[in-house]
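Commentary on secondary and tertiary structure
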Amino acid sequence: MNSEVSEIPIFGVILAGGSGTRFWPLSRSQYPKQVLKLLGEESLLQATIARLLPLIPAERLAIVTGAAQEDAIRLELNHREWQGIHLWLEPEGRNTAAAIGLATVYLQDKWPDGVMAVFPADHYIVETEELLAALSYGARWADDGYLVTFGITPHKPETGYGYLELGEPLDPRGKAYHCRRFVEKPNLSQAKEFLAQGRFLWNSGIFMFRRDVIWEALKRHLPELTAKLAPLANGTGYDLPMIYATLPSISFDYGVMEKAEGVVTIPVQMKWSDLGSWGALYDLFPADPQGNLVLGQNAVDLGSEGCLFYSQSRLIATLGLKDTIVVDTPDAILICHRDRSQEVKELV
């Protein structure tokens with residue numbers, strides 16, 4: 001590891017198969033969160049592609065998404081000259097381990113032992129240079145056979161994220177560490193303890209590894225999945241929808257990364273959010289003196305505090321609310337406490 005900047009080429013895989021149910025009623029099954037323009041003129045997917053292109057050219061990018069979302073995703077790619085980006089369709093959603101397994105099979109011929117990186121399609125990142133530098137540096141560890149994770153330096157005791165606990169340093173400059181363990185979303189007291197200890201990072205959900213290395217890890221920890229996906233590489237006599245329906249539905253973190261050896265964590269200091277809920281969106285923007293955030297132009301309020309108001313067209317009029325989210329769309333209205341916005345998924 002004697003170079004700050006890697007010249008190792010990377011193939012990027014963007015996972016865009018989720019429906020983003022926590023952003024209901026704005027997000028729907030065929031109009032998922034990643035195509036929403038929550039932060040500006042670009043959709044979340046378009047912003048993800050744009051930030052990666054300085055390091056990974058379009059012909060080395062692939063998007064894994066559900067067949068039901070194909071039309072919406074293709075419209076996103078037509079927005080710019082991104083015709084070289086590959087689009088790999090899942091017949092149905094079977095969680096992130098299946099999506100990454102599918103991508104690993106598709107790369108078997110064109111990228112057999114090359115470095116691949118996996119990105120969520122719907123995250124908020126400001127310091128693009130910090131991310132690209134970390135990816136470039138991480139590619140050297142991945143090329144040496146490690147499974148690389150990227151952790152975000154926390155600035156508050158967040159209970160909505162998973163955490164990575166740092167182990168022994170692998171780089172004397174503190175740029176890479178053994179990953180001691182993955183930690184599920186903690187309660188508030190645990191999150192405060194993690195922040196005080198200083199050796200826990202938020203799990204960004206960005207991963208990097210050699211294609212052949214992660215395939216072997218999948219075979220070891222999820223043998224049923226790899227046994228059913230492996231024949232896809234032959235391209236003959238393979239009914240993907242039928243097989244996909246029988247795949248285990250399990251997250252990549254839980255199914256592989258939490259159990260694997262040789263996991264490295266690279267800390268990244270940048271403003272980041274997984275935009276997992278309306279509450280997470282509230283935290284990104286400056287509120288007014290009463291702590292209210294208005295997205296859209298059609299909200300009138302008297303005496304409310306700590307609220308988020310979103311309207312696509314109709315007027316929202318509110319009075320004396322506290323820590324409340326109000327989202328109005330043409331056919332549905334969501335009203336919930338801001339601290340319970342993660343539960344919108346259960347409501348949907």
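Under the defined criterion, the tally for this structure stands at 17 salt bridges. Between Arg338 and Asp323 there is a salt bridge whose closest N-O contact spans 3.4 Å. You can see Arg338 sitting in the loop between strand E17 (332-337) and helix H11 (344-347) and its partner Asp323 sitting in the loop between strand E15 (316-319) and strand E16 (324-329), a full 15 residues away along the chain. Among the residues examined, Asp323 registers a relative accessible area of 21% and is labelled partly exposed. Here Glu343 ties to Arg340 by a salt bridge, and the two come within 2.8 Å at their closest N and O atoms. Among the charged side chains, a salt-bridge network with shared partners connects Glu165, Glu168, Arg180, Arg181 and Arg199.

Model confidence for the protein is summarised by a mean pLDDT of 91, while 97% of its residues fall at 70 or above. Low pLDDT (under 50) marks residues 1-5, which in the prediction has 11 contacts with non-local residues, meaning those over four places away or in another chain.

In this section: the pairing of E17. Burial along E17 is one-sided: the face carrying Ala332, Leu334 and Cys336 is buried and the face carrying Ile333, Ile335 and His337 is not. Bridge count between E16 and E17: six bridges; the pairing is antiparallel. Bridge pairing links Val327 to Leu334 in E17. Between the end of E16 and the start of E17, which pair antiparallel, lie two residues.

Working note: a packed helix pair is described by the angle between its axes plus the distance between those axes. The contact between helix H3 (residues 95-106) and helix H6 (residues 211-221) brings their axes to 10 Å, and the two run at 130°. In terms of orientation, H3 and H6 fall into the oblique class. Like other packed secondary-structure pairs, H3 and H6 cross with a definite hand, here left-handed. The segment H3 lies against H6, with Gly101, Thr104 and Val105 engaging Arg211, Ile214, Trp215 and Leu218.

Enumeration over the complete set of coordinates arrives at 14 aromatic pairs. For the ring pair Trp88 and Tyr106, a centre distance of 5.2 Å and an interplane angle of 45° mean the geometry is tilted. With Trp88 in strand E3 (residues 86-90) and Tyr106 in helix H3, this residue pair connects regions lying 18 residues apart in the sequence. Taking relative accessible area as the criterion, Trp88 reaches 9% and is therefore assigned buried. Under the relative-accessibility criterion, Tyr106 is labelled partly exposed at 28%. Each member of the aromatic cluster is reached from another via a ring pair, and the members are Phe11, Trp88, Tyr106 and Trp111. Between the NZ or CZ atom of Lys259 and the centre of the ring of Tyr254, over which it lies, the distance is 5.3 Å.

We now examine the sheet that holds strand E12 (residues 293-295). One open sheet accounts for four strands, arranged E12-E14-E16-E17; its pairing is mixed. Both edges of this open sheet fall to E12 and E17, since each of them pairs with a single strand only. Strand-to-strand, the axes of this sheet are offset by a mean angle of 5°, without reference to chain direction. One ladder, built from four bridges, connects strand E14 (residues 308-311) with E16; its direction is parallel. Opposite Leu308, over in E16, you have Ile325 as the bridge partner.

Moving on to the nonpolar core. Counting 48 residues, the largest nonpolar core has Ile49, Ile63, Leu135, Phe150, Met208 and Ile266 as the members making the most contacts within it. The leading source of residues in this core is helix H4 (residues 128-143), at eight residues. Beyond its immediate chain neighbours, meaning those up to four positions away, Ile63 contacts Ile14, Ala16, Leu45, Ile49, Ile73, Leu77, Ile85, His86, Leu87 and Trp88. Among the nonpolar cores identified, the runner-up in size contains 43 residues, and Ala97, Trp111, Leu218 and Met257 belong to it.

The rules behind each value
- Residues numbered from 1 in each chain as written.
- Predicted model: local features only at pLDDT ≥ 70, side-chain atom pairs only at ≥ 80, totals over all residues.
- Heavy atoms only, no water.
- Salt bridge = Lys/Arg side-chain N within 4 Å of Asp/Glu carboxyl O.
- Helix = DSSP H or I, 4+ residues; strand = E, 2+ residues; numbered from the N terminus.
- Buried < 20%, exposed > 50% of the residue type's maximum accessible area, 1.4 Å probe, protein only.
- pLDDT = per-residue confidence, 0-100.
- Contact = heavy atoms within 4.5 Å.
- Pairing = 2+ DSSP bridges.
- Axes fitted to C-alpha atoms, helices over the stretch in contact; angles between N-to-C directions.
- Parallel < 35°, antiparallel > 145°, perpendicular 65-115°, else oblique.
- Left-handed = near helix turned anticlockwise from the far one by under 90°.
- Phe/Tyr/Trp six-rings, centres within 6.5 Å; stacked < 30°, edge-to-face > 60°.
- Lys NZ or Arg CZ within 6 Å of the ring centre and 35° of its normal.
- Core = buried A, V, L, I, M, F, W, Y, C linked by side-chain atoms within 4.5 Å.

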